[in-house]
Amino acid sequence: MIWAKEETLPREQLEEIQLARLKETARYIYEKVRPYREKMDEAHVRPEDVRTLEDLRRFPFTTKYDFQNNYPMGLFAVPRDQLVRVHASSGTTGKPKIVGYTRNDLKMWTNNVSRIACMGGATGHDIVQLCFGYGMFTGALGLHYGLENIGDLVMPTSSGNTKRQIMYMQDMGTTLLVATPSYALYLAEQAIGMGIDPKTDLQVKIGLFGGEGMTEPMRKEMHRLWGDDFMATQNYGMSELCGPGVAGECQELCGMHINEDWFIPEIIDSETGEVLPAGEKGELVVTCLGKEALPLIRYRTGDITRLMYEPCKCGRTTVRMENISGRSDDMLVVRATNVFPSQIEAVLGQVPEIGPHYEIIVDKKNHMDVMEIKVELIDDRLLDSYGALEALERRIRTQLRSVLSLDAVVKLVAPNSLKRFEGKARRVTDLRKDRE
């Protein structure tokens, strides 16, 4: 189901909408947001300089530091009495990024989430179990109102209390699950431990996943646990941009469609800031169109992806972004070598004997960096064979070395022994900071 006609417009019409809204956004933010006006003046660019979409690259970037330097609401374009809600980023360090919404902002946000819900298979007749934590995090209320908007019945079960979650699935006949991918896997594992087969004893057939990236090995594991006909899609957003609703996978599973009439994406070289040609991988930069409370021009997301403009079989004409392959700021430096967790995950995903759960631990021993990677086995019988276990560890270690250009300790552990997360999974533990 396609929710809005804007999802299928010819590119020429879509770009006409973008250009008109970009001109208005540039004028609005220059007049209303002093910190960004100062940045524009410093860059010698003014709103009237927007004549084509190509002119966007002349404007300065907005970054997380702009939020930090203007905390809590120095980037807002409206006075407090025009706000109807505020949320905050889920960051774990420092002050959160405070984001705000006018009534019109909430309407736009809700409709954008309705689009990505329909992309992922929501029908308007689903019974939804929403397992995001309610609060300042944008994910729960964003999906809640977007799904209600298309007619779905929403159960705001929030996160935690897994046995009760499974009870609701059984008693209420849940058909659509909203959660992080990690928690969806955990729910299925716990149901099986209770003697409940998710494939036959539950009616959940659609998963709308966000809050963290979902890799292809994780999607494969979803099908193993929830069934081959389980439609598992992921969607993309962040608090600064509005929350969920920026982009989402359709059922063709060939990238996430961006709601381009409200968001202009660019891909840049993280080091130089240069805009890269279509199809090249780099850092995603997003300009928000039409937002009243918190307009943003060229916000650096830190997420690494690429854009695909080829037609999609689903009928949508909007550009698709490849699944996020990492963040420009999650890079680890281990023995002077740059290591992205996504590189490790890609290698592990090619090993059939192991599951999707892993943990990366970086520490110092004798003043040298050491990296240990704990990975769960699928079959714990392998633990009884020291030779087979050692051979598998050696094979994984060799594959990692060929990709990372450094050695890592690989430790294979029993199924279900690594920590599970109800929210965003935390895969990396860097103990070096504790030893400084």
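Just so it is clear, the model here is predicted, and its values are computed rather than measured. (Residues numbered from 1 in each chain as written. Predicted model: local features only at pLDDT ≥ 70, side-chain atom pairs only at ≥ 80, totals over all residues. Heavy atoms only, no water.)

Within the chain one finds eleven helices and 21 strands. Taking 436 residues into account, the globule formula puts the C-alpha radius of gyration at 22 Å, and the chain, at 23 Å, falls close to it. C-alpha extents for the chain along the principal axes are approximately 70 × 55 × 40 Å. Relative to its full complement of 436 residues, the chain shows a buried share of 53%. Long-range contacts, defined as pairs at least 24 residues apart, comprise 67% of the intrachain contacts of the chain with a sequence gap of at least 6. (Helix = DSSP H or I, 4+ residues; strand = E, 2+ residues; numbered from the N terminus. Rg over C-alpha atoms; globule rule 2.2 N^0.38 Å. Buried < 20%, exposed > 50% of the residue type's maximum accessible area, 1.4 Å probe, protein only. Contact = heavy atoms within 4.5 Å.)

With six of seven residues buried, strand E12 (residues 299-305) is to be regarded as a mostly interior element. Pairing analysis gives four bridges linking strand E11 (residues 282-288) to E12, with the strands arranged antiparallel. Paired with glycine 282 across the two strands is threonine 305, which belongs to E12. Across two bridges, the pairing between E12 and strand E15 (residues 326-327) is antiparallel. Each residue of the ladder has a partner; that of aspartate 303, found in E15, is arginine 327. (Pairing = 2+ DSSP bridges.)

The subject of this paragraph is the nonpolar core. Residues Leu143, Leu147, Val178, Leu241 and Phe263 are the most contacted members of the largest nonpolar core, which totals 71 residues. Among the elements that make up this core, the one with the highest residue count is helix H4 (residues 103-119) (eight residues). Among residues more than four places away in sequence, those in contact with leucine 143 are Val113, Ile116, Leu130, Phe132, Val178, Leu208 and Pro244. Of all hydrophobic cores here, the second largest spans 24 residues; its members include Ile354, Met371, Leu392 and Leu400. (Core = buried A, V, L, I, M, F, W, Y, C linked by side-chain atoms within 4.5 Å.)

It is worth spelling out the sheet that holds strand E9 (residues 256-258) at this point. Here nine strands make up an open sheet; going across it, the order is E4-E3-E5-E6-E7-E8-E9-E14-E13 and the pairing mixed. Every other strand in the sheet has two partners, leaving strand E4 (153-155) and strand E13 (307-308) as the edge strands with one partner each. Across the face of the sheet, helix H9 (residues 216-226) comes into contact with strand E5 (176-179), strand E6 (206-209), strand E7 (231-238) and strand E8 (243-249) while running at roughly 135° to E7. (Axes fitted to C-alpha atoms, helices over the stretch in contact; angles between N-to-C directions.)

Below, the discussion takes up the packing of H4 against helix H5 (residues 138-149). Running from amino to carboxyl end, H4 crosses H5 at an angle of 75°, the nearest separation of the two axes being 8 Å. Looking at the two axes, H4 sits roughly perpendicular to H5. Between H4 and H5, the residues in contact are Trp109, Thr110, Asn111, Val113, Ser114, Ile116 and Ala117 and Thr138, Gly142, Leu143, Tyr145, Gly146, Leu147 and Asn149, respectively. Here the residues of the contact of H4 with H5 are counted per class, giving seven nonpolar, seven polar and no charged. (Parallel < 35°, antiparallel > 145°, perpendicular 65-115°, else oblique. Nonpolar A, V, L, I, M, F, W, Y, C, P; charged D, E, K, R; others polar.)

The next subject is the packing of aromatic side chains. All chains considered together, the criterion is met by six aromatic pairs. Judged by centre distance (5.5 Å) and plane angle (85°), the rings of phenylalanine 132 and phenylalanine 137 are edge-to-face. In this structure phenylalanine 132 comes out as buried when scored by relative accessible area, which is 6%. Linked through ring pairs, Phe209, Trp226 and Phe230 together constitute an aromatic cluster. A cation over an aromatic ring shows up here: arginine 300 above the ring of phenylalanine 61, its NZ or CZ 5.3 Å from the ring centre. Above the face of the tyrosine 358 ring, arginine 427 is positioned so that its terminal group lies 5.0 Å from the ring centre. (Phe/Tyr/Trp six-rings, centres within 6.5 Å; stacked < 30°, edge-to-face > 60°. Lys NZ or Arg CZ within 6 Å of the ring centre and 35° of its normal.)

Viewed as axis vectors pointing N to C, helix H6 (residues 162-172) and helix H7 (residues 181-193) meet at an angle of 80°, and their least axial separation amounts to 10 Å. Taken together, the axes of H6 and H7 are roughly perpendicular relative to one another. Residues Thr162, Gln165, Ile166 and Met169 of H6 lie in contact with H7, whose contacting residues are Tyr183, Tyr186, Leu187, Gln190 and Ala191.

Looking at the element boundaries, threonine 233 is found in strand E7. With near-sequence residues (within four places) excluded, threonine 233 lies in contact with Gly120, Gly207, Leu208, Phe209, Met214, Arg219, Glu249, Cys250 and Leu253.

Right, let's talk about the environment of glycine 227 for a bit. Along the chain, the position of glycine 227 falls in the loop between H9 and E7. Assessed through its relative accessible area of 5%, glycine 227 is described here as buried. Considering only alpha carbons, one finds glycine 227 and lysine 205, 22 residues apart in sequence, at a separation of 8.2 Å. Sequence-distant contacts of glycine 227, defined by excluding residues within four places in its chain, comprise Lys199 and Met222.

This part is about the pattern of salt bridges. Inspection of every chain in the model, using the stated rule, returns 33 salt bridges. Notably, a salt bridge pairs glutamate 24 with arginine 27, separated by 2.2 Å at the nearest N-O pair. Placement of the pair is glutamate 24 and arginine 27 together in helix H1 (residues 11-32), with a separation of three residues, close to one helical turn. Classification of arginine 27 as partly exposed rests on a relative accessible area of 31%. Glutamate 189 is paired through a salt bridge with arginine 420; the nearest N and O atoms lie 3.1 Å apart. Taken as a pair, glutamate 189 in helix H7 and arginine 420 in the loop between strand E20 (409-413) and strand E21 (428-430) lie far apart in primary sequence, 231 residues in all. Of the two residues examined, glutamate 189 and arginine 420, each falls in the buried class. (Salt bridge = Lys/Arg side-chain N within 4 Å of Asp/Glu carboxyl O.)

Read across the sheet, four strands follow the order E10-E11-E12-E15 without closing on themselves; strand pairing throughout is antiparallel. The open sheet has two edge strands, strand E10 (263-268) and E15, and neither has a second partner.

What follows deals with the environment of aspartate 330. Here aspartate 330 is to be found in the loop between E15 and strand E16 (332-334). Taking the relative accessible area as the measure of exposure, aspartate 330 reaches 26% and is therefore partly exposed. For the pair aspartate 330 and methionine 256, spaced 74 residues apart in sequence, the C-alpha separation works out to 22 Å. If near-sequence neighbours (up to four positions away) are discounted, aspartate 330 is found in contact with Val339, Phe340 and Pro341.

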